[in-house]
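These are the residues of each chain, in order.
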Amino acid sequence: MSHSDDSTDSRAKPIGHILDSLGVEATVEDGELVDGAIVLLKVIDTDGDTRLSMACSDGLGWIERTGMLRTAELMESSPASHHQLPDDD
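Computed from a prediction, not measured in an experiment: that's the story for all the values here.

**Q** Even after reading the chapter, I still don't get the overall build of the protein, so can you show me in this structure?
**A** Each helix and strand in the protein was counted, giving two helices and three strands. Reading the protein from its N end, one meets helices and strands in the order β-α-β-β-α. The buried share among the 89 residues of the protein stands at 11%. Sequence separation of 24 or more characterises 41% of the internal contacts of the protein that already satisfy a separation of 6 or more. A total of about 7,700 Å² of accessible surface is found on the protein, and carbon and sulfur atoms cover 52% of it.

What follows is the structure in structure tokens.
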């Protein structure tokens, strides 16, 4: 995964196990392919300071990242009980 934040530590490392330990889950049906991801992390450093960090999968361009973030914002502010977009049908 690509790594992007304001931290001075530039050593990116896999975070799947961290997401698993936080109980992060998504609904992905059989036959569907996850083609990209953006992960926003709330990180508490050793001094107790909090920062936000963002990571995204390789291959996502800035337009896709911007669109995904905007869509996530709209989904989060939606009164719908499920955080997913309606089908194109």
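**Q** Explain the pairing of strand β3 (residues 50-56) here, please?
**A** Every regular strand shows the same layout, with side chains that alternate between the two sheet faces. By the bridge criterion, seven bridges tie strand β2 (residues 38-44) to β3 in an arrangement that is antiparallel. Residue pairing across strands places Leu 40 opposite Met 54, the latter belonging to β3. Joining the antiparallel neighbours β2 and β3 is a turn of five residues, in which Gly 48 adopts a positive phi near 90 degrees.

**Q** So what exactly am I meant to see when it comes to the confidence of the model for the protein here?
**A** Close inspection of predicted coordinates is inappropriate for parts of the model with low pLDDT. Overall, the prediction assigns the protein a mean pLDDT of 85, with 78% of residues at 70 or greater. Ranking the helices and strands of the protein by mean pLDDT puts β2 first, with 96, and strand β1 (residues 2-5) last, with 47.

**Q** What's the story with the side chain of Ser 57 in this structure? I'm lost.
**A** Within the element layout of this structure, Ser 57 appears in the loop between β3 and α2 (62-77). From its side chain, Ser 57 meets the backbone nitrogen of Ala 37 in a polar contact 2.9 Å long.

**Q** Help me understand a nonpolar patch on the surface in this model?
**A** A cluster of nonpolar side chains, contributed by Ile 18, Leu 22 and Val 24, occupies part of the molecular surface with about 280 Å² of accessible area. Here Leu 22 is to be found in the loop between α1 (16-21) and β2. According to the relative accessible area criterion, Leu 22 is exposed, its value standing at 60%.

Reading the values: the criteria
Residues numbered from 1 in each chain as written. Predicted model: local features only at pLDDT ≥ 70, side-chain atom pairs only at ≥ 80, totals over all residues. Heavy atoms only, no water. Helix = DSSP H or I, 4+ residues; strand = E, 2+ residues; numbered from the N terminus. Buried < 20%, exposed > 50% of the residue type's maximum accessible area, 1.4 Å probe, protein only. Contact = heavy atoms within 4.5 Å. Areas by Shrake-Rupley, 256 points an atom, 1.4 Å probe, with all protein chains shown as cover. Pairing = 2+ DSSP bridges. pLDDT = per-residue confidence, 0-100. Polar contact = N/O pair within 3.5 Å; in protein donor to acceptor, adjacent residues only side chain to side chain. Patch = residues over 30% accessible without salt bridge, like charges linked within 9 Å, V, L, I, M, F, W, Y side chains within 5 Å. Salt bridge = Lys/Arg side-chain N within 4 Å of Asp/Glu carboxyl O.

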